[in-house]
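Chain by chain, the residues run as shown.
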Amino acid sequence: RSGSSEPLQAVQLRVSVGQHDLREGGEAATLAVQRLVMHPGYECAHFVHDVALLELGEDVQWSDNAWPACLPSATGTKDYTTFSDREATAAGWGWTNENSNKGGRADVLQKVQLRVLDNAQCRDWYRSQGKKTKIHDTQICAGFESGGRDACWADSGGPLMVADNADGGRVTVMGVVSTGIGCARPKLPGLYTRVSEYLPWIRDQTKSP
């Protein structure tokens, strides 16, 4: 959920691993980015193919504060890859309210529970509010008819996650915070990049040379 159209370079980026409170260093590690790969079909103005990959310059040291999440299963059932009607969690350090007088940028990592919507339902809700936003099959909607909970400004790039308790508590990143109209407005759920649609591209970019 940002509006910048200027392409970034890998040397401009740093990744903080294990961060929780931005006011404290704690056990967080800051790692350089060796390679940045933006999706070739990305269109900033339309939030199409809003996904990128970062290759770090060194290995991540896993700990109680940082551990890996999984990609969606390419061989799972259709319900597993669409995640419709599942409860999901979005996380980030973005704004806590679209009105800056009611909430500013978070210092402590925030998370919110959302309901994943079928895209047809999401399109109906957007139309009911007079919005002409095109919702692509490569996107996921998550939120509530009454609003109230959502990702917000500066949460872009953060995860939308589901927990698979049947698999030992494995966490799957099913979406990436992308865009929306305001934050937590009724019948205007946030839009996320649907990670399962990009598995072939991700595998192609991450395979060993």
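Residues numbered from 1 in each chain as written. Predicted model: local features only at pLDDT ≥ 70, side-chain atom pairs only at ≥ 80, totals over all residues. Heavy atoms only, no water.

Of the regular secondary structure elements, the protein chain holds three helices and nine strands. Reading the helices (α) and strands (β) of the protein chain from amino to carboxyl end gives β-β-β-α-β-β-α-β-β-β-β-α. For a compact globule of 209 residues, the expected C-alpha radius of gyration is about 17 Å, and the protein chain comes in at 17 Å, within 12% of that figure. Dimensions of the protein chain along its principal axes, counting C-alpha atoms only, are 50 × 45 × 40 Å. Out of the 209 residues belonging to the protein chain, those deemed buried represent 38%. Sequence-distant contacts, at least 24 apart, represent 62% of the contacts inside the protein chain between residues at least 6 apart. A total accessible area of about 12,200 Å² is found for the protein chain, and carbon and sulfur atoms account for 48% of it. (Helix = DSSP H or I, 4+ residues; strand = E, 2+ residues; numbered from the N terminus. Rg over C-alpha atoms; globule rule 2.2 N^0.38 Å. Buried < 20%, exposed > 50% of the residue type's maximum accessible area, 1.4 Å probe, protein only. Contact = heavy atoms within 4.5 Å. Areas by Shrake-Rupley, 256 points an atom, 1.4 Å probe, with all protein chains shown as cover.)

All right, on to the environment of Val-17 then. Structurally, Val-17 is set in strand 1 (residues 14-17). When the C-alpha positions of Val-17 and Gly-175 are compared, they lie 19 Å apart, and in sequence the two are 158 residues distant. Dropping the residues within four chain positions of it, Val-17 is found in contact with Glu-27, Ala-28, Ala-29, Leu-31, Val-60 and Ala-66.

On to the nonpolar core. Counting residues in hydrophobic clusters, the biggest one holds 14 residues, and the most contacted among them are Leu-114, Leu-160, Met-174 and Tyr-192. For this core, the secondary-structure elements that each account for two or more residues are strand 4 (87-92), strand 5 (110-117), strand 6 (139-142), strand 7 (159-164) and strand 8 (170-179). Looking at this core, the element that brings in the most residues is strand 5, giving three residues. Each residue touching Leu-160, except ones within four places of it in the same chain, is listed here: Ala-88, Thr-89, Ala-90, Leu-114, Ile-140, Ala-142, Thr-172, Val-173, Met-174, Gly-175 and Tyr-192. (Core = buried A, V, L, I, M, F, W, Y, C linked by side-chain atoms within 4.5 Å.)

With that settled, the discussion passes to the sheet that holds strand 1. Here three strands make up an open sheet; going across it, the order is 1-2-3 and the pairing antiparallel. At either end of the open sheet lies a strand with only one pairing partner, and these are strand 1 and strand 3 (52-56). Between one strand and the next, the sheet's axes are offset by a mean angle of 50°, whatever the strand orientation. Sitting on the sheet, helix 3 (residues 199-206) touches strand 2 (29-38) and strand 3, and the angle it makes with strand 3 is about 25°. (Pairing = 2+ DSSP bridges. Axes fitted to C-alpha atoms, helices over the stretch in contact; angles between N-to-C directions.)

Before going further, it helps to spend a moment on the sheet that holds strand 7. Strand order around the closed barrel formed by six strands is 4-5-6-9-8-7, with antiparallel pairing between neighbours. Put simply, the sheet's adjacent strands are angled 45° from each other on average, direction ignored. As defined by bridge partners, strand 7 adjoins strand 8 across six bridges and the pair is classed as antiparallel. Residue pairing for strand 8: Leu-160 is matched across the bridge by Gly-175. Contacts from helix 2 (residues 119-128) reach strand 5, strand 6 and strand 9 (190-194), with the element oriented near 70° to strand 6.

Next up on the list: the confidence of the model for the protein chain. Averaged over every residue, the pLDDT of the protein chain is 90; the share at 70 or more is 91%. Here residues 75-79 is a poorly scored stretch, pLDDT under 50, and it has one contact once near neighbours within four places are set aside; other chains count. (pLDDT = per-residue confidence, 0-100.)

Scanning the entire structure with this criterion turns up two disulfides. Linked covalently through their sulfurs, Cys-122 and Cys-141 form a disulfide whose S-S length is 2.0 Å. Judged by the sign of its S-S torsion, about -80°, the cystine formed by Cys-122 and Cys-141 is left-handed. One end of the pair, Cys-122, is in helix 2; the other, Cys-141, is in strand 6, and 19 residues separate them in sequence. Here Cys-122 falls in the buried class, since its relative accessible area comes to 0%. Between the sulfur atoms of Cys-152 and its disulfide mate Cys-183 the distance is 2.0 Å. Judged by the sign of its S-S torsion, about 85°, the cystine formed by Cys-152 and Cys-183 is right-handed. Pair noted here: Cys-152 is in the loop between strand 6 and strand 7 and Cys-183 is in the loop between strand 8 and strand 9, with a separation of 31 residues, a long-range link. Of the two residues, Cys-152 and Cys-183, both sit in the buried class. (Disulfide = S-S within 2.5 Å.)

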